[in-house]
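# Per-entry structural report
Read off the chains here:
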Amino acid sequence: LCRANTQNSASTQKTEPDTHRLDGKPRRGMDVDNVKTYCSRMPGAESKLHGPPSNFLNYHVGGKSFAYFKTSDPEMWRFSFRTPPGTFLELTDIPGFKPARYMGRFHWVTVVHVNTVPEDYLRSLINWSYQKALGGLSKRKQAAIAGAQY
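Below is a summary of the structure that appears in this document. Only a predicted model underlies this, so the values are computations on that prediction, with no experimental measurement involved.

### Regarding the pairing of strand 6 (residues 79-82)
Pairing of strand 5 (residues 64-70) with strand 6 involves three bridges; the strand directions are antiparallel. Looking across to strand 6, one finds that Tyr-68 is bridged to Ser-80.

Structure follows, in structure tokens:
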């Protein structure tokens, strides 16, 4: 799929890479770098790059994971995060989403291409996963991350 470059005259049109999803709707999602930045900016969030054989970039808060990217082929830059059980069932019925390998039983999903997910929706899913991880910490650790004194 390509679209015409309107900067050229009608007789000498060039084509540019597609900015639409396979279903013809415009892409509205975040790219990989935007998702990485968003995850890194969550309060208390840290990232850790795990090399072979795992090959993933993990985002965690207080030692509890809330998201990760695969960093090796053939699954490079596939993005995974935890979801509520009902959302897990809904998402895994949508093309481009699948249960995360080894983590599906804990309601983790993998998005094959993050830029096909609407930005606001992806942010809300990441926020839920972050809050779930944060909620699993002790009150003392939660207060320390929030910057409050316990």
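Structure shown, so let's carry the discussion forward.
### Some remarks on the sheet that holds strand 4 (residues 56-61)
With respect to topology, six strands assemble into an open sheet ordered 3-4-5-6-8-7, the strand pairing being antiparallel. Pairing within the sheet leaves two strands with one partner each, and these edge strands are strand 3 (45-50) and strand 7 (97-99). Across the sheet, the mean angle from the axis of one strand to that of its neighbour is 25°, orientation sign disregarded. Where strand 4 meets strand 5, six bridges bridge the pair, whose relative direction is antiparallel. Paired with Tyr-59 across the bridge in strand 5 is Ala-67. The strands that helix 1 (residues 32-40) touches are strand 3, strand 4, strand 5 and strand 6; relative to strand 5, the one it contacts most, it runs at about 165°. Contacts between helix 3 (residues 119-135) and the sheet are confined to strand 4, strand 5 and strand 6, with strand 6 contributing the most and set at about 55° to the helix.

### Details of the environment of Phe-56
Inspection of the secondary structure assignment puts Phe-56 in strand 4. C-alpha of Phe-56 to C-alpha of Lys-70: the two residues are 14 residues apart in sequence and 4.3 Å apart in space.

### Considerations on the packing of aromatic side chains
All told, the structure shown has seven aromatic pairs when counted by the stated rule. When the ring of Phe-69 is compared with that of Phe-79, the centres are 4.7 Å apart and the planes differ by 40°; the resulting orientation is tilted. Taken as a pair, Phe-69 in strand 5 and Phe-79 in strand 6 lie far apart in primary sequence, 10 residues in all. Taking the relative accessible area as the measure of exposure, Phe-79 reaches 0% and is therefore buried. Clustering of aromatic rings is evident, with ring pairs tying together Phe-69, Trp-77, Phe-79 and Phe-81.

Scoring rules and cut-offs
Residues numbered from 1 in each chain as written. Predicted model: local features only at pLDDT ≥ 70, side-chain atom pairs only at ≥ 80, totals over all residues. Heavy atoms only, no water. Pairing = 2+ DSSP bridges. Helix = DSSP H or I, 4+ residues; strand = E, 2+ residues; numbered from the N terminus. Axes fitted to C-alpha atoms, helices over the stretch in contact; angles between N-to-C directions. Contact = heavy atoms within 4.5 Å. Phe/Tyr/Trp six-rings, centres within 6.5 Å; stacked < 30°, edge-to-face > 60°. Buried < 20%, exposed > 50% of the residue type's maximum accessible area, 1.4 Å probe, protein only.

Keep in mind these values describe shape, not function.
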